[in-house]
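# Geometric and topological summary
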Amino acid sequence: VCFITGGLDCSISFVSHVLGKVCVHGWQKEILGVLVPHLTDLTKLDCIWQRICWQLVECVPDRWMEAVVLGFVQRAPGADVLSRLLGNLVVKNKKAQFVVAQKLLLLQYGHTTAVLQNLLGYLALDSGRRPLLLRVLQDLLETWSSSSAVKHSPAEQQLYISKAILICLSHLKEPEIASCRQELLTSMMEGVKCHLESSLPQLRRLGMVVAESISLNINTEGPVLKFEYEEDDETRELKSLLVQTPSFCVVPSLPDDDRSEKAGAALPLVPERNEKSYTAAPVKADEESDDELDSDDDLIPYDMSEDKELKLKAPMYIRDCIEVLTGSRSEDVDKWEATVKALESLVRRNPAATREVSVELAKILLHLEEKTCIEGFVELCQRAQVAVLTTDPIPVAKYLTSQFYSLNYSLRQRMDILDVLVLAAQELSCPKFRGKTKHSGVQKPCIQLLPESDSSKGWRRIVEERIKSKTRRFDMGQSRVELASCPNEFNSVAGYFFFPLIQHFDRPLTTFDLLGEDHLVLGRLVHTLAVLMYLAVNTVAVTAMGKALLEFVWALRFHTDSYVRQGLLSCISSLLLSVPTEQILADMTEELLETQSWLGDVMEKDPDGDCRRLALQNLLLMENLRRKLEAVPS
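Everything quoted here is computed from the prediction, not taken from an experiment.

### Side note on the pattern of salt bridges
- Overall, the coordinates contain 23 salt bridges when judged by the stated rule.
- A salt bridge links E356 to R319, with the shortest nitrogen-to-oxygen separation between them at 3.6 Å. Taken together, the residues span a long stretch of sequence, with E356 in helix α20 (residues 351-356) and R319 in helix α18 (residues 318-326) at a distance of 37 residues.
- When its relative accessible area of 60% is taken as the criterion, E356 is described as exposed.
- Linked by salt bridges that have partners in common, E344, R348, E379, R383 and E427 make up one network.

The following block contains the structure:
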């Protein structure tokens, strides 16, 4: 500094080389953790130190530039500090521009929200860097609106890109928005379409939030997009990014006392207006109170405390229910509601009468529409369908599985069929528990009927339960539940549930294409087959079901939808848990060797984290089978 202030030239390229080499060799945190705070203080009021700092980073060789820039971005306390430390480095140096505008935003996704705010705030703080901010936004929107990127990139990267888009939007000014309004609108329409087509609720919600934000920015006066979704912490965080935080102001971070004083000084303006509005109301009420009094106040009300609401009697016979739900009596809304609520219990109490009209009743329930606002209508219909299916499994299962691939059904009805088949199979296969003692660890096997962010949880629990059941434990704890010695009712009907569903998946219909745009239903079908396979343990048809399921999985193993791939991996888990080891080795040895190789590729290369975990789980199951066979004496 003395040389510079004295008018003498000096070079710091050697220091830049040392800094770059230290950072690239893994000491980035240690050196920049000390250097950045010192440079932050020195450049606050001294323009000479700012020029020294700019020269320091500009002289770093390109091969080490990424490590240095990333270290500064991660450790700068705000965008204004980063702007002082780096200057217009991204405009002067192509390598730094690539790191900032491409690599940190599009090729990586592990950085925090604070890093994104630093990075994009830095681009927005100088007029020479703002064109680069617009270009970054266009690149982000191009990736966000690409259907290929949505299908093949992990959900974490989609969230990262969405955050970057919203931060960019918060920095745009009205003239800049006007200059690219058409491009924003086009990207918004394409992006929201491919996000809403995803089977994962998290991606659909991301698409809705980003589309709403873009619409709000480009349509400042007209109507804006508005979607219905449940808000969670992630959604609230995304929406908060649209509001610029004053982190890049010149004022440094204040102590807690000063911050509270400044906040308190700015707040009283609003409460004063609110206090006036609240104090004026009682006066008006007092003035009008005398005018409202009349002789009606002296009347004594009737005592209605013991009055009871009249409840309409539900039908007592199955055929009466059919008549109410389909015939002329359906116009009587109260009778219709009572019938829907009582149908399940009536079916279970009268199995003989139900078997006479089981298929007709299943058809009525499948097409039943809600006429009034009944609480839990969907659940009531579903439970009634399950009751009918468990009462007369074979004909009703034949009907439902045939209707799954029929014309003129909505996707909702097809998924309802799958849900009913799963719930009925669980009820038929699970034995009833006797005894007063309940075992806390006993759970019914279940399938995740609606895809969520972590769809492998149910299957991980199933595997753990099966491992626990095969582990010998010696203890003197509570007595275990005594299982009823009743036969597995699913044993004789498993094939009627399973094989019709797996037969025609590759035959597209006019309004239904499982291998095309209806991949959400395909994902539900795959998960349904997985749980049916699991519930078929110890049944006669389990080996044939396993072979058919393995062929089905092999045909779809490269599907682009992550929810479908998760279901396929769950199918492998069910097969390994349900089919006897001897049958696997006798009938499926070659197929399992190929499957093992495929699982290894999935574990290493699949972009979806749940798929990688499920693949690892399946490989562990295969390893356990191998060890079990090695332990058996020849």
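The structure having been displayed, the exposition proceeds.
### Notes on the packing of helix α9 (residues 130-144) against helix α11 (residues 155-171)
- For the pair α9 and α11, the least separation of the axes is 10 Å and the interaxial angle reads 145 degrees. Crossing angle aside, the handedness with which α9 passes α11 is left-handed. For the pair formed by α9 and α11, the contact residues are R130, L133, V136, L137, L140, L141, T143 and W144 on the first element and Q158, I161, S162, A164, I165, C168, L169 and H171 on the second.
- Here the contact of α9 with α11 is composed, by residue class, of 11 nonpolar, 4 polar and 1 charged.

### Regarding the packing of aromatic side chains
- Throughout the structure, instances matching the rule amount to 6 aromatic pairs.
- Aromatic side chains F404 and F512 sit 5.8 Å apart centroid to centroid with 90 degrees between the ring planes, which places their arrangement in the edge-to-face category. Pair noted here: F404 is in helix α23 (residues 393-404) and F512 is in the loop between α26 (494-503) and α27 (519-535), with a separation of 108 residues, a long-range link.
- Where F498 meets F499, the ring centres are 5.3 Å apart and the plane angle is 90 degrees; that geometry is what we call edge-to-face.
- We classify F499 as partly exposed; its relative accessible area is 25%.
- Connected via pairs of aromatic rings, a cluster forms that spans F404, Y405 and F512.

### Here we look at a nonpolar patch on the surface
- There is a patch of nonpolar side chains on the surface, built from F14, V15 and V18 and spanning about 290 Å² of accessible area.
- By the element assignment, V15 lies in helix α2 (residues 13-42).
- For V15, a relative accessible area of 44% gives the class partly exposed.

### Considerations on the side chain of T528
- Secondary-structure assignment places T528 in helix α27.
- In this structure T528 comes out as buried when scored by relative accessible area, which is 2%.
- From its side chain, T528 meets the backbone oxygen of R524 in a polar contact 2.7 Å long.

### Thoughts on a negative patch on the surface
- Residues E551, D587, E590, E591 and E594 make up a contiguous surface patch of negative charge.
- At 3 residues, helix α31 (residues 589-605) tops the list of elements feeding residues into the negative patch.
- Structurally, E594 is set in helix α31.
- Of the residues examined, E594 reaches a relative accessible area of 45% and is grouped as partly exposed.

### Brief notes about the confidence of the model for the chain
- Taken over all residues, the pLDDT of the chain has a mean of 79, while the share at 70 or more is 78%.
- Within the chain, strand β1 (residues 433-434) has the poorest average pLDDT of any element, 33, and α23 the best, 93.
- Below a pLDDT of 50 lies the segment residues 247-293, which in the model reaches 11 contacts outside its immediate sequence neighbourhood of four places, other chains included.
- In this model residues 433-457 is a low-confidence stretch, pLDDT under 50, and it forms 55 contacts with partners more than four residues away in sequence or in other chains.

### Details of the packing of α23 against α26
- The N-to-C vectors of α23 and α26 enclose an angle of 15 degrees; their axes lie 9 Å apart at closest approach. If you check the angle between α23 and α26, you find them roughly parallel. In the packing of α23 onto α26, the handedness of the crossing is right-handed. Packed against α23, whose contacting residues are P393, I394, A397, K398, T401 and F404, the element α26 presents Y496, F497, P500 and L501 at the interface.
- Grouping the constituent residues of the contact of α23 with α26 by class yields 8 nonpolar, 1 polar and 1 charged.

Thresholds, definitions, all that
Residues numbered from 1 in each chain as written. Predicted model: local features only at pLDDT ≥ 70, side-chain atom pairs only at ≥ 80, totals over all residues. Heavy atoms only, no water. Salt bridge = Lys/Arg side-chain N within 4 Å of Asp/Glu carboxyl O. Helix = DSSP H or I, 4+ residues; strand = E, 2+ residues; numbered from the N terminus. Buried < 20%, exposed > 50% of the residue type's maximum accessible area, 1.4 Å probe, protein only. Axes fitted to C-alpha atoms, helices over the stretch in contact; angles between N-to-C directions. Left-handed = near helix turned anticlockwise from the far one by under 90°. Contact = heavy atoms within 4.5 Å. Nonpolar A, V, L, I, M, F, W, Y, C, P; charged D, E, K, R; others polar. Phe/Tyr/Trp six-rings, centres within 6.5 Å; stacked < 30°, edge-to-face > 60°. Patch = residues over 30% accessible without salt bridge, like charges linked within 9 Å, V, L, I, M, F, W, Y side chains within 5 Å. Areas by Shrake-Rupley, 256 points an atom, 1.4 Å probe, with all protein chains shown as cover. Polar contact = N/O pair within 3.5 Å; in protein donor to acceptor, adjacent residues only side chain to side chain. Lys, Arg positive; Asp, Glu negative; His and termini not counted. Charge placed at Lys NZ, Arg CZ, Asp CG, Glu CD. pLDDT = per-residue confidence, 0-100. Parallel < 35°, antiparallel > 145°, perpendicular 65-115°, else oblique.

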